[in-house]
Amino acid sequence: MTQPPAPSPGPPGAAPPSLNTLRLAFLAMLGGVGAFGPFLGLSLSRAGYSGAEVGLLLGVIPLANMVATPLWAMAADRSSAATRILQLAAAASAAIVAAIAIGGLPFAALVGVLALYGLMRAPVGPVLDALTVRALELGSGDPRGYGRIRLWGSVGFLAAGATASVVADHFAAPGAPLWVAVGCWSLGTLVLLRMPATRANGPVALGASLRALGGQPGLRWLVLALPLHGLGLNAYDAWYAIHIDALGLDSAWTGAAMLVGIGAEIGLMALSARVLGRRDPLLLLMFAMGLAAVRWAIVGLVDAPLLLTAAQLSHGVVYGLFWMAATEAMRRWAAPQVRASGQALLLVACYGLGPVLTSTVGALIVPKMGTGALFLAASLASLGATALVGLAWRASGAPRPSAEG
């Protein structure tokens, strides 16, 4: 994979946000996700919605996200109004989830509210990632430091999730833990208001840049690999706690796995520039996906809690290195004016189609073979993903390392 040309100065009037502002934005915005995602189902169940209703309601958000993410990203690229879009997304997320936390919504109304949340929350990931890469390019000149900024999102996720779990245990109101998410996104709105507004003199022409991105020879193989890798990542998010319970283990082991895994992720992201170095990001993706195959096989076959928890140390590579390498690959392939669209492609493939695969395979396998079989299926999917990224590497030229590398 060849290095990209030197970054252009950006659209007229563009001013990148400071790195400290971006760190705070990741801390607050992903902190909200850590307090909302893991506790939405619990809050709905405590509010009296049936199991079938909760299952349907939880499916509304990813579907809305999958549709809205690329549309928001293209809008951000075309208008260069990324900061305004982020501010709108943060304020809307806080207001919508406050309505859910208050409670009392009938089922049909809640479907609409959750769909609206999915639509409004969608631009945060790709737009914030694109702004971070651009700020590093125009500031330090070393976008490989992306992980040192992004790790604050992991810190926020862990801290807000832990806070929400304490709130859920000590307050009887069904929506109590969701107020932690409201607080995070309210803080995020204030942080994002500090960002300088960016807007081009007129609409940016995206056609040529998007066609150039689509013409990258390895891209199609990577896009095929991402849902397979996402199958395992989403199985871990949605099914690991259920798997621990099915093994007859205390739920504290789930918390221990989260602490170990996210801790490893934060540590690796702190070393992002050194880890990425001069290495081809596609080779790093192959390593991350190959290790994922080992990780999911251990989860599917082992019932010793200490070994299961130790295996989650690999989360630093399976997710942390994976996302840093995928973002770096997209930075090299996508022109600056379509970075948000490129990041949206990564998100939709991994976290849009990935959950669809997880749900489908889980529905087919778990009732007959148990949760362990789902993770074994994820292991096979990760092997397939590794092979597909190998094809992407070959298609992109498979360059030899330089002497210095």
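The following refers to the structure shown. All values derive from a computational prediction rather than experimental measurement.

What counts, and at which threshold
Residues numbered from 1 in each chain as written. Predicted model: local features only at pLDDT ≥ 70, side-chain atom pairs only at ≥ 80, totals over all residues. Heavy atoms only, no water. Helix = DSSP H or I, 4+ residues; strand = E, 2+ residues; numbered from the N terminus. Expected span 1.5 Å × (residues − 1). Axes fitted to C-alpha atoms, helices over the stretch in contact; angles between N-to-C directions. Left-handed = near helix turned anticlockwise from the far one by under 90°. Contact = heavy atoms within 4.5 Å. Nonpolar A, V, L, I, M, F, W, Y, C, P; charged D, E, K, R; others polar. Phe/Tyr/Trp six-rings, centres within 6.5 Å; stacked < 30°, edge-to-face > 60°. Buried < 20%, exposed > 50% of the residue type's maximum accessible area, 1.4 Å probe, protein only. Lys NZ or Arg CZ within 6 Å of the ring centre and 35° of its normal. Salt bridge = Lys/Arg side-chain N within 4 Å of Asp/Glu carboxyl O. Lys, Arg positive; Asp, Glu negative; His and termini not counted. Polar contact = N/O pair within 3.5 Å; in protein donor to acceptor, adjacent residues only side chain to side chain.

## Let's talk about helix H17 (residues 371-395)
Move 1: Given a rise of 1.5 Å per residue, 25 residues ought to cover 36 Å, and the 36 Å separating the end C-alpha atoms of H17 matches this to within 8%.
Move 2: Gly397, located one to two residues past H17, shows a positive phi value of around 120°.

## Notes on the packing of helix H9 (residues 219-246) against helix H12 (residues 281-301)
Move 1: Contact pair H9 / H12: the axes reach a minimum separation of 11 Å and the direction vectors enclose 30°. The handedness of the crossing between H9 and H12 is left-handed. Every residue of H12 that contacts H9 at Leu222, Ala225, Leu226, His229, Gly232, Leu233, Tyr236, Tyr240 and His243 is listed here: Leu285, Ala288, Met289, Ala292, Arg295, Trp296 and Val299.
Move 2: Along the lines of polarity and charge, the residues of the contact of H9 with H12 split into 12 nonpolar, 3 polar and 1 charged.

## Digging into the packing of aromatic side chains
Move 1: Under the criterion given, the structure shown has 7 aromatic pairs.
Move 2: Consider the rings of Tyr117 and Trp185, whose centres lie 5.7 Å apart with planes at 40°: the pair is tilted. Here Tyr117 is found in helix H4 (residues 107-121), whereas its partner Trp185 is found in helix H7 (residues 178-192), with 68 residues between them in sequence. This pair shows no difference in class: Tyr117 is buried, exactly as Trp185 is.
Move 3: One aromatic cluster in this structure is built from Tyr236, Tyr240, Trp296 and Phe375.
Move 4: The residue whose ring lies beneath Arg295 is Tyr236, and the NZ or CZ to ring-centre distance is 4.5 Å.

## Focus: the environment of Leu345
Move 1: As for its placement among the helices and strands, Leu345 is situated in helix H15 (residues 339-351).
Move 2: A relative accessible area of 30% means that Leu345 is categorised as partly exposed.
Move 3: Through-space distance from the C-alpha of Leu345 to that of Ala73 is 9.2 Å; in sequence the pair is 272 residues apart.
Move 4: When residues no more than four places from it in sequence are discounted, the contact partners of Leu345 are Leu219, Val223 and Met330.

## What to know about the pattern of salt bridges
Move 1: Applying the stated criterion across every chain yields a total of 4 salt bridges.
Move 2: Note that Arg134 and Glu137 form a salt bridge whose closest N and O atoms lie 3.1 Å from each other. Of this pair, Arg134 and Glu137 both sit in helix H5 (residues 124-138), separated by 3 residues, roughly a single helical turn. We note that Arg134, like Glu137, is buried.
Move 3: We note a salt bridge from Glu328 to Arg332, for which the minimum N-O separation is 3.0 Å. You can see Glu328 and its partner Arg332 sitting in helix H14 (residues 315-333), 4 residues apart, about one turn around the helix.
Move 4: We classify Glu328 as buried; its relative accessible area is 4%.

## Considering the side chain of Asp129
Move 1: Structurally, Asp129 can be placed in helix H5.
Move 2: This buried residue, Asp129, is left without a salt bridge; Arg150 holds the nearest opposite charge, at 4.9 Å.
Move 3: Only 2.8 Å separates the side chain of Asp129 from the side chain of Tyr146, close enough to count as a polar contact.
Move 4: If we ignore the near neighbours within four places in the chain, the residues touching Asp129 are Phe26, Tyr146, Trp323 and Gln343.

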